[in-house]
Amino acid sequence: MSNYVTKEGLKKLQEELDRLQNVERPKISKAIGEAIEKGDISENAEYDAAKDAQGLLEAKIAQLKDTIANSRVIDESQIDTSKVQMMTKVTIKNTKTGAVMAYTLVSETEANFKAGKLSINTPIAQALVGKKRGDKVLVKVPAGEMEFEIMDISL
């Protein structure tokens, strides 16, 4: 499955992979070495903890490599702003409260709610995708249903 990302998002994923491989991996190897030097590893809690940490790190590295391998960088110049889609910034108004919010729809790996980056996999984003300016959208949320009006779509 492709993971659509921005150039910036791919760079962050690559930097995280580099950090895990070149900083965290050597730290864990050193911790394992130090634990082995302390003697009998069959009853060595430090060794067990370091090996567990190594297993988790290697799993995270493998997952990150897979994510990067399946990432597709989106060319922002090709994005159509006539409808809501991945990488568009959508301004919506809650029809009940009048509250106006703006979100950029991004991949799961780039989502950051505080920064206004909403995962394309969220119920709100899923309801908005494919809609146009002026459309009203009913979104099912845990608290019930909310209606939003699409005020603007941009990059």
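These numbers were taken from a predicted model, which means no experiment stands behind them.

Turning our eyes to something else, we now look at the side chain of Thr91. Within the secondary structure layout, Thr91 lies in strand 3 (residues 89-94). On the accessibility criterion, Thr91 (18% relative accessible area) is buried. Excluding its chain neighbours within four sequence positions, the residues that come into contact with Thr91 are Val100, Met101, Ala102, Glu149, Ile150, Met151 and Asp152.

Before going further, it helps to spend a moment on the sheet that holds strand 7 (residues 144-154). Judged by pairing direction, the sheet is mixed, and its 5 strands sit side by side in the order 5-4-3-7-6 without closing on themselves. Strand pairing shows two members of the sheet lacking a second neighbour, strand 5 (117-119) and strand 6 (136-141), which therefore form its edges. Taking the axes of each pair of neighbouring strands and ignoring which way they run, one obtains an average angle of 45° across the sheet. Note: strand 3 against strand 4 (residues 100-106), 5 bridges, orientation antiparallel. What sits directly across from Thr91, in strand 4, is Ala102.

Below, the discussion takes up the pattern of salt bridges. Summed over all chains, the structure comprises 9 salt bridges. Across the pair Lys60 and Glu16 runs a salt bridge whose closest N-O atoms are separated by 4.0 Å. Taken together, the residues Lys60 in helix 2 (residues 45-69) and Glu16 in helix 1 (residues 7-37) connect sequence positions 44 residues apart. Between Arg25 and Glu58 there is a salt bridge, with its nearest N and O atoms 2.8 Å apart. Of the two residues, Arg25 sits in helix 1 while Glu58 sits in helix 2, which places them 33 residues apart along the sequence.

Under the local residue numbering, the UniProt record ascribes the feature "domain: Transcription elongation factor GreA/GreB C-terminal" (unreviewed entry) to residues 81-154. Span residues 81-154 is 8% helix and 45% strand, its end C-alpha atoms 6 Å apart.

This next bit is on helix 2. An ideal rise of 1.5 Å per residue puts 36 Å on 25 residues; helix 2 measures up with 36 Å between its terminal C-alpha atoms. Packed against the buried residues of helix 2 are strand 1 (3-5), helix 1 and strand 2 (71-73).

Here the UniProt feature "domain: Transcription elongation factor GreA/GreB N-terminal" (unreviewed entry) sits at residues 3-73. The annotated region residues 3-73 carries 79% helix and 8% strand content, and the separation between its end C-alpha atoms amounts to 9 Å.

The geometry of helix 1 relative to helix 2 is characterised by a closest axis approach of 9 Å and an angle of 160° between their N-to-C directions. Here helix 1 lies roughly antiparallel to helix 2, going by the angle between them. Crossing hand, helix 1 versus helix 2: left-handed.

The subject of this paragraph is the pairing of strand 6. Pairing between strand 6 and strand 7: 6 bridges, direction antiparallel. Counted as the bridge partner of Leu138 is Glu147 from strand 7. Once strand 6 ends, the chain turns through 2 residues before running back antiparallel as strand 7.

So, how was this worked out
- Residues numbered from 1 in each chain as written.
- Predicted model: local features only at pLDDT ≥ 70, side-chain atom pairs only at ≥ 80, totals over all residues.
- Heavy atoms only, no water.
- Helix = DSSP H or I, 4+ residues; strand = E, 2+ residues; numbered from the N terminus.
- Buried < 20%, exposed > 50% of the residue type's maximum accessible area, 1.4 Å probe, protein only.
- Contact = heavy atoms within 4.5 Å.
- Pairing = 2+ DSSP bridges.
- Axes fitted to C-alpha atoms, helices over the stretch in contact; angles between N-to-C directions.
- Salt bridge = Lys/Arg side-chain N within 4 Å of Asp/Glu carboxyl O.
- UniProt positions renumbered as here; feature names shortened; annotations may be inferred.
- Expected span 1.5 Å × (residues − 1).
- Parallel < 35°, antiparallel > 145°, perpendicular 65-115°, else oblique.
- Left-handed = near helix turned anticlockwise from the far one by under 90°.

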